[in-house]
Amino acid sequence: MKIAPPILLNPDDFKIGFKVIDDQHAEIVNCINELYMMRFNGEVSIRPIVTRLKKHINIHFNFEESLMLHCNYPGYDQHKQEHQILNEKAMCLIRKFNN
């Protein structure tokens with residue numbers, strides 16, 4: 001019997017105090033953790049969770065960036081660049097899990 005490793009990420013670590021964004025962060029983190037556990041347990045059919053993860057990443061980044069633009073957030077350009085880097089890392093992770 002395999003013993004499950006500790007969950008990689010805690011959704012509470014990504015709370016910023018804005019419920020909509022906190023909920024989006026939690027959904028992304030939960031998808032990552034679920035994907036990790038599925039692979040750890042040798043599950044082959046991960047496409048649904050990968051699809052869900054990509055969807056939630058896109059929804060979150062688009063929402064957050066539009067909110068920052070609307071509020072004239074001074075760190076918008078840097079934050080958008082961080083999103084691009086995180087998105088690239090997420091897509092690398094997804095490709096890794098698909099192999």
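Asks: Sorry if this is basic, but what is going on with the overall build of the protein here?
Replies: A count of helical and extended segments in the protein gives 3 helices and 0 strands. Going residue by residue from the N terminus, the α and β elements of the protein occur as α-α-α. When the 99 residues of the protein are sorted by exposure, 30% land in the buried category. Across the protein, the fraction of contacts at a sequence separation of at least 24, relative to all contacts at a separation of at least 6, is 58%. A total of about 6900 Å² of accessible surface is found on the protein, and carbon and sulfur atoms cover 57% of it.

Asks: Explain helix 2 (residues 47–70) here, please?
Replies: The α-helix winds at 3.6 residues per turn, so residues separated by three or four positions along the chain end up facing the same way. Taking 1.5 Å of rise per residue, the 24 residues of helix 2 would be expected to cover 34 Å, and the 35 Å separating its terminal C-alpha atoms lies within 8% of that figure. Looking only at helix 2, the buried set comprises Ile49, Val50, Leu53, His56, Ile57, His60, Phe61, Glu64, Glu65 and Met68. Remark: Asn72 follows helix 2 within two positions and exhibits a positive phi of approximately 55°.

Asks: Before we go on, may I ask you to explain the packing of helix 1 (residues 19–40) against helix 2 in this structure?
Replies: The packing of two helices is summarised by the inter-axis angle and the distance between the axes. Running from N to C, helix 1 and helix 2 cross one another at 155°; their axes reach a closest spacing of 9 Å. Relative to helix 2, helix 1 is oriented roughly antiparallel. Here the hand of the crossing between helix 1 and helix 2 comes out left-handed. Taking contact as the criterion, the partners of Val20, Ile21, Gln24, His25, Glu27, Ile28, Cys31, Ile32, Glu34, Leu35 and Met38 in helix 1 are, on helix 2, Ile49, Val50, Arg52, Leu53, His56, Ile57, Ile59, His60, Phe63, Glu64 and Leu67. Among the residues making up the contact of helix 1 with helix 2, the classes are represented as 14 nonpolar, 4 polar and 4 charged.

Asks: Help me out: how do you make sense of the nonpolar core in this one?
Replies: Proteins that are soluble and globular tend to have nonpolar side chains buried together. Counting 13 residues, the largest nonpolar core has Ile28, Leu35, Ile46, Ile49, Val50, Leu53 and Ile57 as the members making the most contacts within it. Of all the secondary-structure elements, those providing two or more residues to this core are helix 1, helix 2 and helix 3 (76–98). Among all residues touching Ile57, those that are not within four sequence positions of it are Ile28, Asn87 and Ala90.

Rules behind the numbers
Residues numbered from 1 in each chain as written. Predicted model: local features only at pLDDT ≥ 70, side-chain atom pairs only at ≥ 80, totals over all residues. Heavy atoms only, no water. Helix = DSSP H or I, 4+ residues; strand = E, 2+ residues; numbered from the N terminus. Buried < 20%, exposed > 50% of the residue type's maximum accessible area, 1.4 Å probe, protein only. Contact = heavy atoms within 4.5 Å. Areas by Shrake-Rupley, 256 points an atom, 1.4 Å probe, with all protein chains shown as cover. Expected span 1.5 Å × (residues − 1). Axes fitted to C-alpha atoms, helices over the stretch in contact; angles between N-to-C directions. Parallel < 35°, antiparallel > 145°, perpendicular 65-115°, else oblique. Left-handed = near helix turned anticlockwise from the far one by under 90°. Nonpolar A, V, L, I, M, F, W, Y, C, P; charged D, E, K, R; others polar. Core = buried A, V, L, I, M, F, W, Y, C linked by side-chain atoms within 4.5 Å.

Treat this as a map of the structure, not an account of what it does.
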